[in-house]
Each structure stands twice: as C-alpha cells, then as structure tokens.
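Fold and geometry: a report
Chain by chain, the residues:
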Amino acid sequence: RSMIDKIKTMNERKALEIDKIKPGAEYDVKRPIRNVFNPLNNGLEARYQRYDWVEDKLTEWQVIQPKGLIIVEGVYSLSNQLYNKYDIICFGKNG
C-alpha cells in the first residue's frame, strides 16, 4: 500500500487521480492543529482519534494533558503547516 492508501478511506482513494496529486495532499493537517496543537498551546487538554492503518478508519479517542514533554511522531508530523508548531525538533536514526 502506498502512503496515499493510508490517509483516505478506500472509497475516497478510488476517486483520486494519483498522478495529479501532490504528496501529502490527502492528509487532513487541520485536524491535528484543531484537536491537538491549538488546545495544548492554550493550556487545555487535547483529544484526537487514533488512525487504524489495518482497518482504514479513525478509532478510539486519545487524550493528551498539557504538561510535561509531548512527543509527536508520524508520517506528516513535520509537514510545512505543522513545522513551526514545535518547540524542539529532533530526528532519530533507525538501525
């Protein structure tokens, strides 16, 4: 499965013209800004739904308290729209 396959649901993917879209265009970057970054930046509890890659759907809600170190990881976690939302950015090497 391509990265695009994991962002939209099966029905939504069928309508895409793969050769005409930009990488990451299907990612709903407004959702983490609205549900996670904005609340945390205002000292409020944040909530988001975990995405199940196998089931191809959003699942249970996760809660993040606005305290301590919060690690954000994921395929589009450093997209242009999110990059300036972080206090610290670090990269890990696998292997």
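For the structure itself, consult the block above.
The text that follows walks through the structure, step by step, so that each part is easy to find. (Residues numbered from 1 in each chain as written. Predicted model: local features only at pLDDT ≥ 70, side-chain atom pairs only at ≥ 80, totals over all residues. Heavy atoms only, no water.)

**A closer look at the overall build of the protein**
A tally of helices and strands in the protein yields 3 helices and 2 strands. Secondary structure elements of the protein occur, N-terminal to C-terminal, as α-α-β-β-α. Across the 95 residues that make up the protein, the buried fraction comes to 24%. A sequence separation of at least 24 residues applies to 40% of the contacts in the protein between residues at least 6 apart. Surface summary for the protein: the accessible area is close to 7600 Å², and the carbon and sulfur share equals 51%. (Helix = DSSP H or I, 4+ residues; strand = E, 2+ residues; numbered from the N terminus. Buried < 20%, exposed > 50% of the residue type's maximum accessible area, 1.4 Å probe, protein only. Contact = heavy atoms within 4.5 Å. Areas by Shrake-Rupley, 256 points an atom, 1.4 Å probe, with all protein chains shown as cover.)

**A word on the pairing of strand β1 (residues 46–52)**
Judged from the 6 bridges that link them, β1 and strand β2 (residues 57–64) form a sheet pairing that is antiparallel. When the sheet's bridge partners are listed, Tyr51 is paired in β2 with Leu58. (Pairing = 2+ DSSP bridges.)

**Some remarks on helix α2 (residues 30–41)**
Among the residues of α2, Pro32, Ile33, Asn35, Val36, Phe37, Pro39 and Leu40 are the ones counted as buried. Contacts made by the buried residues of α2 are with β1, β2 and α3 (80–83). Just downstream of α2 lies Gly43, where phi reads positive at about 75°.

**What to know about the pattern of salt bridges**
By the definition in use, this model includes 2 salt bridges. Residue Asp52 is joined to Arg50 by a salt bridge in which the shortest nitrogen-to-oxygen separation is 4.0 Å. Judged by its relative accessible area of 34%, Arg50 falls in the partly exposed class. The salt bridge partner of Arg50 is Glu60, with a shortest N-O separation of 2.7 Å. (Salt bridge = Lys/Arg side-chain N within 4 Å of Asp/Glu carboxyl O.)

**Re the packing of aromatic side chains**
Applying the stated criterion across every chain, the model contains 1 aromatic pair. Their ring planes at 80° and their centres at 5.5 Å tell us that Phe37 and Tyr86 sit as a pair that is edge-to-face. Taken together, the positions of Phe37 in helix α2 and Tyr86 in the segment after α3 put the pair 49 residues apart, joining distant regions of the chain. Here Phe37 falls in the buried class, since its relative accessible area comes to 9%. (Phe/Tyr/Trp six-rings, centres within 6.5 Å; stacked < 30°, edge-to-face > 60°.)

All quantities given are derived from atomic positions and should not be read as evidence of function.
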